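In case you want the letters, here they are:
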Amino acid sequence: MSIDKETVRKVAKLARIAEPEQRLEPLAKELSGILGWIEQLNEVDIEGVEAMASAVDVKLPMREDVLQDGPTGGGQPENVVANAPKTEDHFFVVPKVVE
Amino acid sequence: MGAEPTKLLQGTTGDWEVVVGLEVHAQVSSKSKLFSGASAEYGAGPNENVSLVDAAMPGMLPVINKYCVEQAIRTGLGLNAKINTWSRFDRKNYFYPDLPQGYQISQYKDPIVGEGEVEVEVEPGETITVGIERLHLEQDAGKSIHDLAPKESYVDLNRSGVALMEIVSKPHMRTAEEGAAYFTKLRSIVRYLGTCDGNMEEGSMRADVNVSVCRAGSYEKFKETGDFSHLGTRTETKNVNSIRYVKQVIDYEARRQIEVLEGGGEIDQETRLFDVKSGTTRTMRSKEDAHDYRYFPDPDLLPLEFDQAWVDEIKAGLPELPDAKKHRFINEYGLSAYDASVLAADKASAAYFEEVAKCGDGKLASNWVTGELFGALNKADKDIETSPVSAAQLGELISLIKDGTISGKIAKDVFALMFEGEETGSPADIVEKRGLKQVTDTGAIEKIVDEIIAANPEQAEKVKEKPKTMGWFVGQVMKASQGKANPQAVNEILKKKLGVE
């Protein structure tokens, strides 16, 4: 499987990655190479083998519905906005995004 | 069999059919969020209920809330749907300031709940069945506030990560009324189950409304074959947060689409916004690839697996749901299907009614609850949970009517006294204290009747020619007895004395 320059452009745009025009063609070749390599997996016969979701045999752990303290709990708006370029009253302030 | 004529909309070039499907987002009534231990409560200060997981700080990992999983299963069972004991979370990728992760954790290919169906009462005597496509768990996004500064938006992530159940219907609704009735029914079901509080003002429940139109007869072909190509292109109107607005959106979109198609245009498959002020919808200014979400399984989360035994246990603990309750009310109390569904639609109303019905007359209890009580509550802008008249009081009041202690008319007065807070306590004591007991003693009534006839000889003559004017005497007697005379006794005595057959 190979992808073309236009696909690279679209994927880059969807991922909000700015790629200069001259990088699109080389990227298409590199990515096609990676996809081709992964495609070798198709040679393996997986008839009757259940799709694997994880390499470890554990179930999704669940937690009880209780409020937590520390990083996984609330009540720390200063920490939450600490890295924001602009804040006010604990709000993040961003360029206008209105529909 | 063709489509029912009532479901057709007339255009200038012929008849059209409307097809509606709803995606309803219902917030799980949990204490904490779906994947973090921050509070899910409404109304906190900006970013107060945000953990570093919700803020998508590097290195933070999601851990699922068992309670939310249980509520999704409960809701699925309430929708008579298939519960999938193996499901999975996917990342839905898009960029927006109120979504710090850059993706929403949702369920795409393998939702926790599969197909089901619900019965929906559209109006008295008309019930439809609406198919459920699926229910899945997902995270809510944060909130952007646009009116605090001219060139900036303010972002509050308190909602970010709150657990939502997205309930997707099949395109089984055909009118605005059916869409609104289905939304109402879903709300009733989740409130019964306690899985969502159904509070639309706070955004706990909102709908994305899908509407398309097609030529008369095409919907039947879709129904037979399941082939969506028989249906028209649909639009999706986002975040509609009231039952009335759902109705408005469907009406407006159907008319708009017919107009576009009859004018030779085409419908774009697009996302639209509802404008509450004008009651119209408009295109969302979105990019052409806005729907390219590049879903993939979330590598931070293992598949969600649980035993059928847990599902069975949850099922065993389900409360009686609105439909079952409605049917029981019809059978047990002899109510009409409509009254039964009105009372059963709300858990608190149903409980209130059953308490009142202990007076031994379900029919009369239903009349009082849906009539006098609902009317008074409505007028006073109160709900059943804050009713000034308790169910026990109302039940006792009805008992007093039944055993002839007071007339229905006096009962209404006593009800008003209790409702306005002028009297509290037992209705029997109020009646006793105020001397409102019905006079059934015929001797006493006869005395009043004789006095009134003697004082109004001309009127008495008139009654002999025009028996209908006897009503005037009934009124006078009731007035003289301060409403306490037994109306039946008054009628009989008057007829006898005035010589009316």
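The name given to chain B in an unreviewed UniProt entry is Aspartyl/glutamyl-tRNA(Asn/Gln) amidotransferase subunit B, and the organism recorded there is Hyphococcus luteus. In UniProt, chain B has this text filed under Subunit (unreviewed entry): "Heterotrimer of A, B and C subunits." A UniProt comment under Sequence similarities (unreviewed entry) is attached to chain B, and it reads "Belongs to the GatB/GatE family. GatB subfamily."

For chain A, the name recorded in an unreviewed UniProt entry is Aspartyl/glutamyl-tRNA(Asn/Gln) amidotransferase subunit C, with Hyphococcus luteus as its organism. Taken verbatim from the UniProt record of chain A, the Sequence similarities (unreviewed entry) comment is "Belongs to the GatC family." According to its UniProt record, chain A has this under Subunit (unreviewed entry): "Heterotrimer of A, B and C subunits."

Asks: Help me get a handle on the overall build of chain A, residues and values and all.
Replies: For chain A, the helix and strand inventory stands at three helices and three strands. The C-alpha atoms of chain A give 23 Å as radius of gyration, which overshoots the globular expectation for 99 residues (13 Å, by more than 25%). Across its three principal directions, the C-alpha atoms of chain A cover 55 × 45 × 25 Å. Scored against the burial criterion, the 99 residues of chain A give a buried share of 21%.

Asks: Residue-level account of the overall build of chain B, with values.
Replies: Helix and strand counts for chain B come out as 16 helices and 17 strands. Expressed along its principal axes, the backbone C-alpha trace of chain B runs to roughly 95 × 55 × 55 Å. Residues counted as buried form 51% of the 501 residues belonging to chain B. As displayed, chain B offers around 23,300 Å² of accessible surface, 49% of which is attributable to carbon and sulfur atoms. Of note, chain B has its 60 positive side-chain charges centred 3 Å away from the centre of its 80 negative side-chain charges.

Asks: Could you give an account of the packing of helix α1 (residues 66-78) of chain B against helix α2 (residues 176-193) of chain B, with specific residues and numbers?
Replies: Residues and elements named next belong to chain B. Put simply, α1 and α2 touch, their axes get as near as 10 Å, and they point 130° apart. Here α2 runs oblique to α1, going by the angle between their axes. Regarding α1 and α2, the two cross each other, and that crossing is right-handed. Residue-level inspection shows Arg74, Thr75 and Gly78 of α1 in contact with α2, the latter providing Ile189, Val190 and Leu193. Class assignment for the residues of the contact of α1 with α2 results in three nonpolar, two polar and one charged.

Asks: Provide a residue-level description of the environment of B:Thr442, including the pertinent values.
Replies: Inspection of the secondary structure assignment puts B:Thr442 in helix α13 (residues 442-455). Sequence separation between B:Thr442 and B:Ala489 is 47 residues; the distance between their C-alpha atoms is 7.0 Å.

Asks: Explain the nonpolar core to me, and be specific about the residues and the numbers.
Replies: All names here are of chain B. In this structure, Ile73, Ile112, Tyr182, Val209 and Leu394 are the most contacted members of the largest nonpolar core, which totals 104 residues. Three or more residues apiece are contributed to this core by two domains, here domain 1 (4-292) and domain 2 (322-433). The next biggest cluster of nonpolar side chains, apart from the first, holds 19 residues, and it includes Met470, Met478, Ile493 and Val500.

Asks: Describe in detail the pattern of salt bridges, supporting the description with residues and values.
Replies: One side chain can pair with another of opposite charge once the charged atoms of both are near each other. All names here are of chain B. Scanning the model with the defined rule gives 38 salt bridges over all chains in all. In this structure, Lys433 and Glu423 form a salt bridge, with 3.0 Å as the shortest nitrogen-oxygen distance. Taken together, the positions of Lys433 in helix α12 (residues 427-434) and Glu423 in the loop between α11 (408-419) and α12 put the pair ten residues apart, joining distant regions of the chain. Assessed through its relative accessible area of 62%, Lys433 is described here as exposed. The class for Glu423 is buried, based on a relative accessible area of 6%. The salt bridge involving Lys497 is made with Asp450; its shortest N-O contact spans 3.0 Å.

Asks: Can you explain the domain arrangement of chain B? Please cite residues and give values.
Replies: If you check the domain split of chain B, you get domain 1 (4-292), domain 2 (322-433) and domain 3 (442-498). Taking only C-alpha atoms into account, the centre of domain 2 of chain B sits 32 Å from that of domain 3 of chain B.

Asks: Before we move on, could you go through helix α8 (residues 347-356) of chain B and cite the residues and values that matter?
Replies: Every buried residue belonging to α8(B) is among B:Ser349, B:Ala350, B:Tyr352, B:Phe353, B:Glu354 and B:Val356, and all of these are buried. Elements in contact with the buried residues of α8(B): α2, α6 (322-333), α7 (337-344), α9 (362-380) and α10 (391-402) of chain B.

Asks: Would you mind going over the packing of aromatic side chains in detail, with residue names and values included?
Replies: All names here are of chain B. Under the criterion given, the structure shown has 15 aromatic pairs over all chains. Ring centres of Trp472 and Phe473 lie 5.0 Å apart, and the angle between their planes is 90°; on these two criteria the pair is classed as edge-to-face. Here a set of aromatic residues connected by ring pairs shows up, and it is made of Tyr94, Tyr108, Tyr293 and Tyr295. In this structure, Lys92 is placed above the aromatic ring of Tyr293, and the distance from its NZ or CZ to the ring centre is 4.4 Å.

Asks: Run through the sheet that holds strand β3 (residues 91-95) of chain A, naming residues and quoting values.
Replies: What the four strands build is an open sheet, ordered β2(A)-β3(A)-β10(B)-β9(B); its pairing is antiparallel. Here the strands that pair on one side only, and so sit at the sheet edges, are β2 (87-88) of chain A together with β9 (143-145) of chain B.

Asks: Just give me the short version of the side chain of B:Glu138, but keep the residues and values in it.
Replies: All names here are of chain B. With respect to the element layout, Glu138 can be found in strand β8 (residues 126-139). Looking at Glu138, its side chain comes within polar contact range of the side chain of His25, at 3.2 Å. Engagement of the side chain of Glu138 in a polar contact is seen with the side chain of His136, the distance being 2.9 Å.

Asks: Report on the interface of chain B and chain A, specifying residues and quantitative values.
Replies: Taken together, the contact pairs 58 residues of chain B with 42 residues of chain A. The tally of links from chain B across to chain A stands at two salt bridges. One salt bridge connects A:Lys86 with B:Glu152, and the closest N-O pair in it is separated by 2.7 Å. There are 28 residue pairs in polar contact (both at pLDDT 80 or more) connecting chain B and chain A. At the level of elements, β3 (64-65), α1, β10 (152-156) and β17 (304-305) of chain B are the ones that each hand at least two residues to the side of chain B that touches chain A. With four bridges joining them, β3(A) and β10(B) adopt antiparallel strand pairing. In the strand pairing of β10(B), A:Val93 is matched with B:Tyr154.

Rules used in this analysis
- Residues numbered from 1 in each chain as written.
- Chains lettered and ligands numbered in written order.
- Predicted model: local features only at pLDDT ≥ 70, side-chain atom pairs only at ≥ 80, totals over all residues.
- Heavy atoms only, no water.
- UniProt positions renumbered as here; feature names shortened; annotations may be inferred.
- Helix = DSSP H or I, 4+ residues; strand = E, 2+ residues; numbered from the N terminus.
- Rg over C-alpha atoms; globule rule 2.2 N^0.38 Å.
- Buried < 20%, exposed > 50% of the residue type's maximum accessible area, 1.4 Å probe, protein only.
- Areas by Shrake-Rupley, 256 points an atom, 1.4 Å probe, with all protein chains shown as cover.
- Lys, Arg positive; Asp, Glu negative; His and termini not counted.
- Charge placed at Lys NZ, Arg CZ, Asp CG, Glu CD.
- Axes fitted to C-alpha atoms, helices over the stretch in contact; angles between N-to-C directions.
- Parallel < 35°, antiparallel > 145°, perpendicular 65-115°, else oblique.
- Left-handed = near helix turned anticlockwise from the far one by under 90°.
- Contact = heavy atoms within 4.5 Å.
- Nonpolar A, V, L, I, M, F, W, Y, C, P; charged D, E, K, R; others polar.
- Core = buried A, V, L, I, M, F, W, Y, C linked by side-chain atoms within 4.5 Å.
- Domains from an automatic or database assignment.
- Salt bridge = Lys/Arg side-chain N within 4 Å of Asp/Glu carboxyl O.
- Phe/Tyr/Trp six-rings, centres within 6.5 Å; stacked < 30°, edge-to-face > 60°.
- Lys NZ or Arg CZ within 6 Å of the ring centre and 35° of its normal.
- Pairing = 2+ DSSP bridges.
- Polar contact = N/O pair within 3.5 Å; in protein donor to acceptor, adjacent residues only side chain to side chain.

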